[in-house]
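# A look at the structure
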Amino acid sequence: MACVNARGEISESARQILIALLEGAPLSQVAVHTGLPLYRIRSAMRELGAAGLAVETAEGWKTTETGRNAIQGALARA
Amino acid sequence: MATDVAMATEVLIANHSLPRLGQPAPVFEAETTHGMLRLDDFRGSWLVLFSHPADFTPVCTTEFIAFAELAPELKKRGVELCGLSIDSTFSHIAWVRNIERNFGVKIPFPVIADLNKEVATLYGMLMPGESKTATSRCLFVIDPNGILRAMIYYPLSTGRNTQEVLRLIDALQATDKHGIATPANWKPGDKVIVPPPATTDDAEARMQAGYETKDWYFSKKAV
């Protein structure tokens, strides 16, 4: 889904996903929140996980500190 | 060396059997217009995976428009769409943008760029008698548990009827929901077939069961 561009900036959909994950929402709710199909959320989680922006825990996916910083960076650019 | 690889690929395609109904659909991970996707990403949803021969061809363009127009109805039924051809992601992107510009139709579903024919081979989408380089018009209905439930194969020359795809989905979902079968040309709202009894006692009981019964093996009911 290209969550992160060549400059290391996150896309708008990635930002929305990371915000939804701040409170540990299940992926099905992240799909509702972002308006994206669940298959795209699952695909994005692999990308966000590989970039260190989110991490899968026993309770589900959560935004990491790096992810929080990326959200702040995206807000600053907006 | 390249010739060896090409020959080996041809042998693989020729010898690879079609997937089987009722068995898990072949697993894949593929580059698509929506990023890297795995079959498992669709779990919990129905999936219509379909191939087309090539981008920027007229019959395929009419099919993509028809599938895009069908997408909202499929969405209501919990069905996702995914296209495939042996073209690059860049070609797919250019084509779907071209369709939107020329026909005013946005393609909402991902399209697999199967340049190495990996997914096409797994699903038996290549028919060497028709073409060695283009996938035939194949369509697979995969249920939320990843089981292959239906397959439709059309030749290169013939565009598919998307209303039949919708009817097929409705029939499969009615079967799962009510434990019934559907007769020829069934559509939602029509009576369905009650599975035939398996014992003489059940056959006797069936005659008194209150269904629309022609004979012990042929009963219909409304659902």
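Residues numbered from 1 in each chain as written. Chains lettered and ligands numbered in written order. Predicted model: local features only at pLDDT ≥ 70, side-chain atom pairs only at ≥ 80, totals over all residues. Heavy atoms only, no water.

## A few points about the domain arrangement of chain B
Taken domain by domain, chain B consists of domain 1 (2–160) and domain 2 (179–221). The centre of domain 1 of chain B, based on its C-alpha atoms, is set 36 Å off from the matching centre of domain 2 of chain B. (Domains from an automatic or database assignment.)

## Observations regarding the packing of helix H1 (residues 12–22) of chain A against helix H2 (residues 27–34) of chain A
All names here are of chain A. With their axes 9 Å apart at the nearest point, H1 and H2 run at an angle of 130 degrees to one another. With respect to each other, H1 and H2 are oriented oblique. Considering how the two elements wind past one another, H1 and H2 form a crossing that is right-handed. Here H1 contributes Gln16, Ile17, Ala20 and Leu21 to the contact with H2, which in turn contributes Leu27, Val30, His33 and Thr34. Residues belonging to the contact of H1 with H2 are distributed by class as follows: five nonpolar, three polar and no charged. (Axes fitted to C-alpha atoms, helices over the stretch in contact; angles between N-to-C directions. Helix = DSSP H or I, 4+ residues; strand = E, 2+ residues; numbered from the N terminus. Parallel < 35°, antiparallel > 145°, perpendicular 65-115°, else oblique. Left-handed = near helix turned anticlockwise from the far one by under 90°. Contact = heavy atoms within 4.5 Å. Nonpolar A, V, L, I, M, F, W, Y, C, P; charged D, E, K, R; others polar.)

## A short note on the nonpolar core
Residue and element names in this part refer to chain B. Grouped together as the largest cluster of nonpolar side chains are 29 residues, with contacts concentrated most on Val48, Phe64, Phe109 and Val141. If one sorts the elements of this core by residue count, helix H2 (residues 58–76) sits on top with eight residues. With residues up to four places along the chain from it excluded, the contact list for Phe64 reads Phe50, His52, Trp95, Val96, Ile99, Ile107, Phe109 and Val111. (Core = buried A, V, L, I, M, F, W, Y, C linked by side-chain atoms within 4.5 Å. Buried < 20%, exposed > 50% of the residue type's maximum accessible area, 1.4 Å probe, protein only.)

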